[in-house]
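Residue-level structure breakdown
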Amino acid sequence: MFSSDLHSLHQAIPVEKIRYDEKGLVPAIIQDYLDGTVLMMGWMNRESLQKTLETGETWFWSRSRQELWHKGATSGHIQKVKSIRYDCDSDALLVGVEQIGDIACHTGERSCFHQVDAKIVPPPGDTLSQLFAIICDRREHPQENSYTCKLLAGGDNKILKKIGEESAEVVMACKDDNADAIASEAADLLYHTLVALAHHRVDLKAVYHKLQERRK
């Protein structure tokens, strides 16, 4: 189920069919609905799930405070629910959200899952998002002998020339009906398009938003 319509959310999640544990709780994985980044995990009970469905924003049960809490009520970093799914055993939830402020963790990080061996690293999203993050990093921190940096330094003249060339390569690969070549040339075209986005400081999420709007 994918919908931000509150009626559709109610229709998709039968609260009474969710299998809560002995404490009346069910784990809820919160995920960015656009790029798939896992933002956090929280616990919901029947009441918090019901409030999530009624308001279209995430509510959880605090095991330490023994009370309901509305995500972002004090910080402003609320989560607008776009989809809710439950697993095959009906004992876990997957909630797709639009994270306001792009911060889900109380530490100020985008995701609670940002630590690897005590180092803070960006949480993984989809492949395009990860590649775009690397390109943006090259833009802000140029590296010698980096092809991406050379493209960015060349500006539109160099970047757009490559997009034109790669577009033609995709066309030729399709004309030849070569599946491997089509995938390879499409990957090159996507990469150079991401470089153009980074050069013009257009966030990849803006593209995802456009695609979602057209999907509707």
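Structure report, in brief. Just so you know, these numbers come straight off a predicted model, no measurement behind them. (Residues numbered from 1 in each chain as written. Predicted model: local features only at pLDDT ≥ 70, side-chain atom pairs only at ≥ 80, totals over all residues. Heavy atoms only, no water.)

Structural notes on the environment of M41
Examined against the element boundaries, M41 turns out to sit in strand β2 (residues 38–44). Overall, the relative accessible area of 35% leaves M41 in the partly exposed class. Distance from M41 to S111, taken between C-alpha atoms, is 9.8 Å for residues 70 residues apart in sequence. (Helix = DSSP H or I, 4+ residues; strand = E, 2+ residues; numbered from the N terminus. Buried < 20%, exposed > 50% of the residue type's maximum accessible area, 1.4 Å probe, protein only.)

Looking at the packing of aromatic side chains
Inspection of every chain in the model, using the stated rule, returns two aromatic pairs. Centre to centre, the rings of F60 and W69 are 5.0 Å apart; their planes meet at 35 degrees, and the pair counts as tilted. The exposure class assigned to W69 is partly exposed, which follows from its relative accessible area of 26%. Measuring from centroid to centroid gives 6.2 Å for Y147 and Y191, while their planes differ by 25 degrees, and the two rings are stacked. Separated by 44 residues along the polypeptide, Y147 in helix α4 (residues 147–176) and Y191 in helix α5 (residues 179–199) bring together distant segments of the chain. Given a relative accessible area of 40%, Y147 falls into the partly exposed group. (Phe/Tyr/Trp six-rings, centres within 6.5 Å; stacked < 30°, edge-to-face > 60°.)

Comments concerning the pairing of strand β5 (residues 79–86)
A regular strand carries its side chains on alternate faces of the sheet. Bridge count between β5 and strand β6 (residues 93–99): seven bridges; the pairing is antiparallel. Each bridged residue has a counterpart across the sheet, and for R85 the counterpart in β6 is L94. Where β5 folds back onto β6 in an antiparallel hairpin, the turn is made up of six residues, including S90, whose phi is positive at roughly 60 degrees. (Pairing = 2+ DSSP bridges.)

A look at the packing of helix α3 (residues 127–140) against α5
Working note: a packed helix pair is described by the angle between its axes plus the distance between those axes. Axis separation between α3 and α5 bottoms out at 9 Å; the angle between their running directions is 50 degrees. Judged by the inter-axis angle, α3 sits oblique to α5. When you trace α3 past α5, the crossing you get is right-handed. Across the interface between the two elements, L128, L131, F132, I135, C136 and R139 of α3 pack against L190, Y191, L194, V195, L197 and A198 of α5. Residues of the contact of α3 with α5, tallied by class, amount to 11 nonpolar, no polar and one charged. (Axes fitted to C-alpha atoms, helices over the stretch in contact; angles between N-to-C directions. Parallel < 35°, antiparallel > 145°, perpendicular 65-115°, else oblique. Left-handed = near helix turned anticlockwise from the far one by under 90°. Contact = heavy atoms within 4.5 Å. Nonpolar A, V, L, I, M, F, W, Y, C, P; charged D, E, K, R; others polar.)

Structural notes on the sheet that holds β5
Pairing within the open sheet is mixed, and its four strands lie in the order β2-β1-β6-β5. Across the chains shown, the open sheet's two edge strands, defined by having one partner strand only, are β2 and β5. Each strand axis lies, on average, 25 degrees off the axis of its neighbour in the sheet, ignoring direction. Along the sheet, helix α2 (residues 46–55) contacts β2, β5 and β6; its crossing angle with β2, the most-contacted strand, is approximately 125 degrees.

What about the nonpolar core?
Core analysis: the biggest nonpolar cluster contains 19 residues, and A28, I30, M44, L49, L93 and V95 have the highest contact counts within it. Of all the secondary structure elements, the ones that give two or more residues to this core are β1 (26–32), β2, α2, β5 and β6. If we skip the residues at most four places from it in the chain, V95 touches A28, I29, I30, Q31, T58, V81, S83 and I84. (Core = buried A, V, L, I, M, F, W, Y, C linked by side-chain atoms within 4.5 Å.)

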